[in-house]
Amino acid sequence: MPEDNEFKEIEEKWKKFWKEEELYKFDASQIGKKEIFSIDTPPPYISGQIHIGHAFSYSHQDFIVRFRRMFMKDKGLVFYPFGTDDNGLPTERFVEKQRNIRSKDFTRQEFVEFCLQTIKEQIPEFRKDFENLGISFDYNLYYSTIDKKTQKVSQKFFIDLIKKGEAYKKAFPTLWCTHCQTAIAQAELEDKEQQSLFSTLKFSVDGKELLIATTRPELLPACVAVFVNPEDKRYSHLIGKKAKVPLFDFEVPIIGDASADPEKGTGVLMVCSYGDKYDADAIKRHNLTPKQIIEPDGKINFGDYKGLSVKEARKKILEDLKEKGLIVEQKQITHVVNVHDRCGTEIEFLTTEQWFIKILDKKQELIKQGKKIKWYPEFMFKRYENWVKGLEWDWSVSRDRHFGVPIPVWGCKECGEIILPEEDELPVDPLQTEKICPKCGKPAEPESRVLDTWATSSLTPQIAANLVDNKIDIPFSLRPQAHDIIRTWAFYTILRSYLAKKEIPWKNIAISGYVTAGGEKMSKSKGNSVDPREVLAKFGADALRFWAASAKLGNDVDYQEKDLVAARKTIKKLMNASRFVFMNLEDFDFKAPENMEEKDKIFLGELNKLIERVTNYFLNFDYSKAKSEVEKFFWHIFADNYLEIVKKRIYNEKGDKKSSAQYTLYVSLLAILKMFAPIMPFITEEIYQTYFREHEKEKSIHTSKWPEKIKEGKENTEVFELVLDIISKVRQEKSKAQKSMKAEIILSLEKEVIEKLEKVLEDLKAVTNAKEIKEGEFSVEFV
């Protein structure tokens, strides 16, 4: 059995074999002739190397894929292409870090070249990581979300939305990341708890103090109004008057508005452009004129504070307010702020012109679309539904960055005409292509922004189908993904399929969880992550996959090394059991004897029930229950009991009695091996090739047929469980007496038990080493 580094040799051997044999190649010539099981797999970001979350979630989907290949043998095909998500902000940030540069210091064309070169360098190693894990993509069916074919698909679908009136351009207070210097979407926000100073400041009305509490004093220069609740008797008499802003001494209107909460702070609300989404809504609702004092790079552009960052301005303004006696009270509070999920920077609201896709008018329809999809586990649909219900803005899809799919639009400043390319011009970069306005004949201005990465990766079913000339039908069979991207990847893909053809993108969605450490999500930034390459080097791919299979659908799981140690024990036991079985098959003709022993038939009956359960679990994407059932049966039924039951028959008997045991050992071990194969592809291939291939003929266990009901099996659970119970009791008695398990005994059993076990008594005597079985209350007498 693989000891220490021997598993590495096994893995290298079978990786090479699978590659040379093109074992997982999709045969496109069979489209239309065979059933297709198609997987819309999440294309991972190119970021140097895989992390433990990749190893975890991609193993999950590979369990399903490998099962389906075997289950659909001869009647269907699995479509499982390999994609990478290379465009957009994650890749830009990776390239900037790798090359110690900033995209804004280069032209788009220059920076794009850096990105493309970096991707070219990274992909071979990145692909190798997935191969080392045993992920059975058809690596020849490859797409990148920045390659020319993908750009054409993405641009075509966006142009279609413009033509349908579903995409539009508008200047609007937009979620903005000052670090990444781009607009972002609601789905890219994360909540972060942080401590802030809650300062009560002295505004004034008619020379009298009006106290207002805020955590954002740096927005005082951008204050455009003060709200009081019309029902608040403390302040209702001030409605219609003017309030003077402290430190800056300009006046703003006092407006009655129910959004001012009498219970929060002083009950008076400072409205600025823009502190948050409520400010944006309030300014629009009351037709107020905004003052934008924060630049796209996060610097203040007003007065003495010009050039300071937001945090620097906050500190300086508080110092100035304190010096002038304009602070009444300050206290530390903990509150939740929105940060950009890519970099952790607090977001701002800046008025910029951006492209949007309409979603707010489709919320009910998108919930209906979600209900048409089968969710595994079912409760995950609620997360999708809650996300849709909570949407507050249309989807901002333009990004003020360099590396992404260019927005294929030109605009005429003279007459306002929007100019779109013809389909045969795609993919196109407007910055590299001149257009003349067809309406007024003036040169058109190219759109300089690129599409959000999700605007392209939300089209992965269409992109993947395009690899085989769109012969794969949408909806796909399955979308496997983690729960944290329900709000992005799942939602956006459902939206795009609905907008394109009012169809669902896939029939099923299987949701996996996180890898955690002490209940907290593993993350490189938190310093609590493990490197999957190190895990693979120490324990091997099968052990890592076996651990990953312990996670229930939708559930997070803690990474604990003891689980990988346990996995290695299972691998070792599987190899040792296989060696034992085939050591005792040298005189076997690999055919079922005419007269099968009763105990063998009943054991095969139990195996048939296992096959049925495991098959159903896999069909419902419940790989953890499938793994658990096979593991339990292998250890406790096959290895601990059945092997012991038949040893004497194998060693001492001849004819049908022996061949019945040999046949049962052969077919049961093969079935167990096949049920383990989706989880542990390397060791099962090693055992199959070593012992089974010459008899089974199929070139790989992974292209063999999934186990089916064994016709010699006989269902008699009562007898089977009774035998196991007696064996367990006898072993307990021997342990209690500190006797060897081989110690000879006289076994007493109740008359009705003996009658029930009449046809299996000889095997029971053999496994318990009973010299005699006699009637009486259960007892073990040592000879």
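Residues numbered from 1 in each chain as written. Predicted model: local features only at pLDDT ≥ 70, side-chain atom pairs only at ≥ 80, totals over all residues. Heavy atoms only, no water.

A. Focus on unusual backbone geometry. Look at the link from Ser273 to Tyr274: it is a cis peptide, with omega at -5°. As for its position among the elements, Tyr274 is in the loop between strand 12 (268-272) and helix 6 (277-285). Even without glycine at this site, Glu22 takes up a positive phi of about 45°. Turning to its location among the elements, Glu22 is positioned in the loop between helix 1 (6-20) and strand 1 (35-38). (Helix = DSSP H or I, 4+ residues; strand = E, 2+ residues; numbered from the N terminus.)

B. How the structure looks around the sheet that holds strand 26 (residues 557-558). The sheet built from 3 strands is open, its strands ordered 25-24-26 with mixed pairing. Two strands bound the open sheet, and with one partner strand each, they are strand 25 (520-521) and strand 26. Relative to strand 26, strand 24 (residues 515-517) runs parallel, the two sharing 2 bridges. Note on strand 26: the bridge partner recorded for Thr516 is Asp558. (Pairing = 2+ DSSP bridges.)

C. Here's a closer look at the environment of Gly265. The topology assignment puts Gly265 in the loop between strand 11 (251-256) and strand 12. Taking C-alpha positions, Gly265 is 55 Å from Tyr617, a pair spaced 352 residues apart along the chain. Residues within four places of Gly265 in sequence aside, it is in contact with Phe198 and Ala213. (Contact = heavy atoms within 4.5 Å.)

D. Geometry of the packing of aromatic side chains. Counted by the stated rule, this structure contains 51 aromatic pairs. Plain terms: the ring middles of Phe137 and Tyr139 are 5.5 Å apart, the flat faces sit at 80° to each other, and that makes the pair edge-to-face. A single burial state applies to Phe137 and to Tyr139, both of which are buried. Aromatic pair Tyr666 and Phe692: ring centres 5.0 Å apart, planes at 50°, arrangement tilted. Of the two residues, Tyr666 sits in helix 18 (residues 655-676) while Phe692 sits in helix 19 (residues 681-696), which places them 26 residues apart along the sequence. Taking the ring centre of Phe250 as reference, the NZ or CZ of Lys291 above it sits at 3.5 Å. (Phe/Tyr/Trp six-rings, centres within 6.5 Å; stacked < 30°, edge-to-face > 60°. Buried < 20%, exposed > 50% of the residue type's maximum accessible area, 1.4 Å probe, protein only. Lys NZ or Arg CZ within 6 Å of the ring centre and 35° of its normal.)

E. Here's a closer look at the sheet that holds strand 20 (residues 445-446). Pairing in this open sheet of 3 strands is antiparallel, and the strands run 19-18-20 from one edge to the other. Each edge of the sheet is formed by a strand with only one pairing partner; in this case those strands are strand 19 (418-419) and strand 20. Sheet analysis places strand 18 (residues 410-411) next to strand 20, joined by 2 bridges and oriented antiparallel. Its bridge partner lying in strand 20, Gly411 is registered against Glu445.

F. The environment of Arg449, seen in detail. With respect to the helices and strands, the residue Arg449 is situated in the loop between strand 20 and strand 21 (450-451). In this structure Arg449 comes out as buried when scored by relative accessible area, which is 13%. Between the alpha carbons of Arg449 and Cys272 there is a distance of 28 Å; along the sequence they are 177 residues apart. Among all residues touching Arg449, those that are not within four sequence positions of it are Arg108, Lys169, Glu353, Gln354, Ser398, Arg399, Asp400, Pro406 and Ile407. Here Asp400 takes part through its side chain, which lies 3.4 Å from a polar atom of the side chain of Arg449. (Polar contact = N/O pair within 3.5 Å; in protein donor to acceptor, adjacent residues only side chain to side chain.)

G. Looking closely at helix 8 (residues 363-372). Of the positions making up helix 8, those classed as buried are Lys363, Leu366, Ile367, Gln369 and Gly370. Buried residues of helix 8 fall within an arc of 155° about the axis and therefore sit on the same side. Those residues of helix 8 that are exposed and angled more than 90 degrees off the buried face are Gln364 and Lys371. Buried residues along helix 8 sit in contact with strand 15 (374-376), helix 9 (380-389) and helix 12 (486-501). (Arc of directions from axis to C-beta.)

On their own, these measurements won't tell you what the molecule is for.
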